[in-house]
Amino acid sequence: MKNKILVTGGTGYIGSHTAAELQKHGYSVVIADNLCNSKKEILLQIEKITGKKPEFELIDLTSPEDTQKLFEKHNDLSGVIHFAAFKAVGESVEFPLKYYHNNLFSLVNILQAMEKYNVANIVFSSSCTVYGEPDSLPVDENAPVKPAMSPYGNTKQVSEEIISDSVGAGSLKSISLRYFNPVGAHSSGLIGELPLGVPNNLVPFITQTAIGKRDVLKVFGKDYPTPDGTCIRDYIHVEDLAEAHVIAIERMIKCNQKNDFEVFNLGTGSGNSVLEVINAFEEVTEVKLNYRFAERRPGDVPEVWADTKFANGELGWVAKKNLADMMKTAWKWEQNLAEKKIF
Ligand code: NAD
Ligand code: UFG
């Protein structure tokens, strides 16, 4: 058995895929989650995929005392992958303090516990939202961080600053991974995204419309300065993302970092429009999607996709799955949920 990794938010969408991938690589995994946006049954699903159920701690990481106790109990950690956060952009505009409280307090508590219990390595879930509307495309890691468009986005910027300051002052080391648009589900169909209520994001909205949970998909805007008039994003398969996390934590454990705080873009390096995503879905699933054009959604940037050269070169990681894989797995997951094969 290799090292033990604490995965906060590990029953969530990206965390569960990463926990499975870590176990596949022989790591021992402890998941810490308060289940505010996920289900405990995901642990059984991870066991079905990997043959091993991760250890689980039900904990709200905004509690400093409980976070300290977690590290006191698991005193043999080689690193932390910190996913736990709220992530709905629109909700963060409505309830900014809820977002600052949850996303920032939990991070500070984790970092303090890491210092106290001598755990050096933390991988942080950041987002391409820190680039705002980039001046040029593709956007690389040296592009300026723009004023945040939402309190959620601001929590990612401030979190990166908190981590950078903490690394500079002490013994911590970190890798911040800036995700572009994570979509799709595990190829087994056993884990995937579980949006509570009406989804904000495109792909869950597509699959829920196709399965009949929603009447119609609204395509936000058709007059953007893009080839087909709809917004362009860099969609990345969640399994590719999970693999990058394993590589990142391993890089720190093996002391292969060039700097104690590194930042990497995680995307495929190419963008697709909303209409291209819809067409890919229809092609792969042979399901006709009910969609119509609607007003632009406030805050959407017309186009953004990643320059992934730094991640490709330094991490030796390349996203392998294409848009068809993303649609196929997202659809399989939605069908499994509908047929109650999961919960
Ligand atoms: P998710 O909501 O599926 O997973 C987050 C998990 O954290 C959930 O299981 C939730 O119960 C848990 N959690 C939240 N607050 C907690 C707390 N105080 N204590 C303990 N557990 C807590 O989200 P996800 O899509 O898997 O995102 C994971 C991370 O990646 C987040 O930090 C998110 O901001 C970031 N991110 C996500 C996307 C995306 O599109 N999904 C894009 C960029 C960055
Ligand atoms: N879209 C629709 N209809 C929908 C939902 C989305 O047309 O019902 C469009 C959006 O307008 C956008 C594209 O599909 O053009 C992608 O939208 P998502 O909401 O899926 O993703 P975003 O790019 O807006 O947001 C994602 C993450 C955020 C992160 C942000 C950074 O969800 O967490 O990327 O840009 F902050």
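For the structure given in this document, a descriptive report is provided here. (Residues numbered from 1 in each chain as written. Chains lettered and ligands numbered in written order. Predicted model: local features only at pLDDT ≥ 70, side-chain atom pairs only at ≥ 80, totals over all residues. Heavy atoms only, no water.)

### Considering the sheet that holds strand β1 (residues 4-8)
Piece 1. Strand order in the open sheet formed by seven strands is β3-β2-β1-β4-β5-β6-β11, with parallel pairing between adjacent strands. The outermost strands of the open sheet, each flanked by one partner alone, are β3 (55-58) and β11 (261-266). Across this sheet, the average inter-strand angle for adjacent strands is 20 degrees, counted without regard to direction.
Piece 2. Relative to the sheet, helix α1 (residues 13-24) contacts β1, β2 (28-33), β4 (77-82) and β6 (173-179), its axis offset from that of β2 by approximately 165 degrees. (Pairing = 2+ DSSP bridges. Helix = DSSP H or I, 4+ residues; strand = E, 2+ residues; numbered from the N terminus. Axes fitted to C-alpha atoms, helices over the stretch in contact; angles between N-to-C directions. Contact = heavy atoms within 4.5 Å.)

### Focus on the site of ligand 1
Piece 1. Inspection of the region around ligand 1 gives 27 residues, with Asp33, Asn37, Ser38, Asn102 and Tyr152 positioned closest.
Piece 2. In this structure, Ile14 approaches ligand 1 through a main-chain N or O atom, which is 2.8 Å from an oxygen atom.
Piece 3. Of all the elements in the fold, those that place two or more residues in the shell around ligand 1 are α1, β5 (121-127) and α6 (151-169).
Piece 4. Broken down by element, the shell around ligand 1 gets its largest block of residues, three residues, from β5. (Near = heavy atom within 4 Å. Polar contact = N/O pair within 3.5 Å; in protein donor to acceptor, adjacent residues only side chain to side chain.)

### Some details on the side chain of Glu334
Piece 1. Within the fold, Glu334 resides in helix α11 (residues 323-338).
Piece 2. According to the relative accessible area criterion, Glu334 is buried, its value standing at 5%.
Piece 3. Those residues in contact with Glu334 that lie beyond four places of it in its chain are Pro204, Thr207, Gln208, Ile211 and Lys213. (Buried < 20%, exposed > 50% of the residue type's maximum accessible area, 1.4 Å probe, protein only.)

### Notes on the packing of aromatic side chains
Piece 1. Counted by the stated rule, this structure contains five aromatic pairs.
Piece 2. Between the aromatic rings of Phe281 and Trp331, the centroid separation amounts to 5.4 Å while the plane-to-plane angle is 85 degrees, which identifies the pairing as edge-to-face. Taken together, the residues span a long stretch of sequence, with Phe281 in helix α9 (residues 274-285) and Trp331 in helix α11 at a distance of 50 residues. Of the two residues, Phe281 and Trp331, neither departs from the other in class, the shared state being buried.
Piece 3. Seen in terms of ring centroids, Tyr291 and Phe293 are 6.2 Å apart; in terms of plane orientation they differ by 85 degrees. Their pairing is edge-to-face.
Piece 4. Since its relative accessible area comes to 28%, Tyr291 is described here as partly exposed. (Phe/Tyr/Trp six-rings, centres within 6.5 Å; stacked < 30°, edge-to-face > 60°.)

### Looking at the site of ligand 2
Piece 1. The local shell around ligand 2 holds 19 residues, among which Asn201, Lys218, Arg233, Arg297 and Asp300 are the closest.
Piece 2. Note that an oxygen atom of ligand 2 is positioned 2.7 Å from one of the side-chain N or O atoms of Arg233.
Piece 3. A distance of 2.8 Å separates an oxygen atom of ligand 2 from a polar side-chain atom of Arg297.
Piece 4. Alone, ligand 2 offers 690 Å² of accessible surface; in the complex the protein occludes 89% of this.
Piece 5. Looking at the shell around ligand 2, the element that brings in the most residues is strand β8 (residues 217-220), giving four residues.
Piece 6. When grouped by side-chain class, the residues that make up the shell around ligand 2 number 10 nonpolar, five polar and four charged. (Areas by Shrake-Rupley, 256 points an atom, 1.4 Å probe, with all protein chains shown as cover. Nonpolar A, V, L, I, M, F, W, Y, C, P; charged D, E, K, R; others polar.)

It is worth stressing that arrangement in space is one thing and function is another; only the former is reported here.
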